[in-house]
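The residues making up each chain are set out below.
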Amino acid sequence: MNTEALVAQLSQLGLSRTQSLVWLALLRDDSRAVPAGPGDSRTGLLPSEVAARAGVPDADQALSELTDLGAAFPVDGRYFATELGGWMSRARQRSLENIANLEAALSQLPPPSRPEPLWTLRDYDHVMTRAERMIRAATESIYLHLWPREVERVWPALQAVADRPLHRVLYTPAPLDRSPPGIHCWTDTLKGNEDKANWAHRAIIVVDRREALTGGAEPGRDNAAVWTQNRTLVDLATNHIILDITLLARRRGVDPNADVGAMMRPQLD
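Predicted model only: the values in this text are computed from it and were never measured. (Residues numbered from 1 in each chain as written. Predicted model: local features only at pLDDT ≥ 70, side-chain atom pairs only at ≥ 80, totals over all residues. Heavy atoms only, no water.)

Participant: I'd like a description of the side chain of glutamate 150, backed by residues and values.
Facilitator: Of note, glutamate 150 is situated in helix 7 (residues 148–153). Accessibility expressed as a relative area gives 0% for glutamate 150, which makes it buried. A polar contact is formed between the side chain of glutamate 150 and the side chain of histidine 201, at a distance of 2.8 Å. Not counting residues up to four positions away in its chain, the partners in contact with glutamate 150 are Tyr124, Met128, His201 and Ala217. (Helix = DSSP H or I, 4+ residues; strand = E, 2+ residues; numbered from the N terminus. Buried < 20%, exposed > 50% of the residue type's maximum accessible area, 1.4 Å probe, protein only. Polar contact = N/O pair within 3.5 Å; in protein donor to acceptor, adjacent residues only side chain to side chain. Contact = heavy atoms within 4.5 Å.)

Participant: Which residues make up the packing of helix 1 (residues 3–11) against helix 2 (residues 17–27), and what are the values?
Facilitator: One way to put it is that helix 1 packs onto helix 2 with a least axis distance of 9 Å and a crossing angle of 120°. Taken together, the axes of helix 1 and helix 2 lie oblique to each other. The interaxial crossing formed by helix 1 with helix 2 has right-handed handedness. When helix 1 is examined against helix 2, the residues Thr3, Glu4, Leu6, Val7, Leu10 and Ser11 are found in contact with a partner set consisting of Arg17, Ser20, Leu21, Trp23 and Leu24. (Axes fitted to C-alpha atoms, helices over the stretch in contact; angles between N-to-C directions. Parallel < 35°, antiparallel > 145°, perpendicular 65-115°, else oblique. Left-handed = near helix turned anticlockwise from the far one by under 90°.)

Participant: Could you give an account of the pairing of strand 2 (residues 78–81), with specific residues and numbers?
Facilitator: The pairing of strand 1 (residues 72–75) with strand 2 spans four bridges and is classified as antiparallel. Residue pairing for strand 2: phenylalanine 73 is matched across the bridge by phenylalanine 80. Joining the antiparallel neighbours strand 1 and strand 2 is a turn of two residues, in which aspartate 76 adopts a positive phi near 55°. (Pairing = 2+ DSSP bridges.)

If you want it as structure tokens, here you go:
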């Protein structure tokens, strides 16, 4: 392997170009072993000799740095390369320690903010199709604020999950012709507020406290309904249904805790 290729490899161990050239000059020196005694001709290299062989203007600083790294050592002002296998073993250990330290430091960084999926559904059929899919996928709970017309639209989906052990709660602003199977209904009245019958319909659906659909539910209009898994928005949708039920229960003088308590508990935790 030529010198440039070796320098490129050594740079991956953290050596600068000058350090690499100087160290290679020491490794290539026939006298790199420590002299055995007075008659031994292996005398190492002076800094000026190292610089000349390495092709660098000055080798003093690089030799000092390599000594600190344990890759070289001086004897009476002359320099020798450390035994190759031992230094490579130490370099390998340093690399592993640096990686472990970096991993520990990176693990302390705050988690990055990630954009939550947020979809806008404008067409009525798209809104209700998403509602049906959410209901059919439920595994823990279904919380609904729907007008009677939309209850009828999602009726097949509610029937499909009727046998699942789900916590199911429905608030509806107007009387139902029939109650969906397996769901506790909180049905409001139009008495005293007949104008409510002309209100634009809105839908709020929360499934498994994991996803929510909220927005308009009117055929032929731009409903701008939003489907999301953002936890804050899911909680807001859930709290809206809780508030509807709580206000209705207060007017009727009944305790809503059997339903809203279970809806609130995971959020309070």
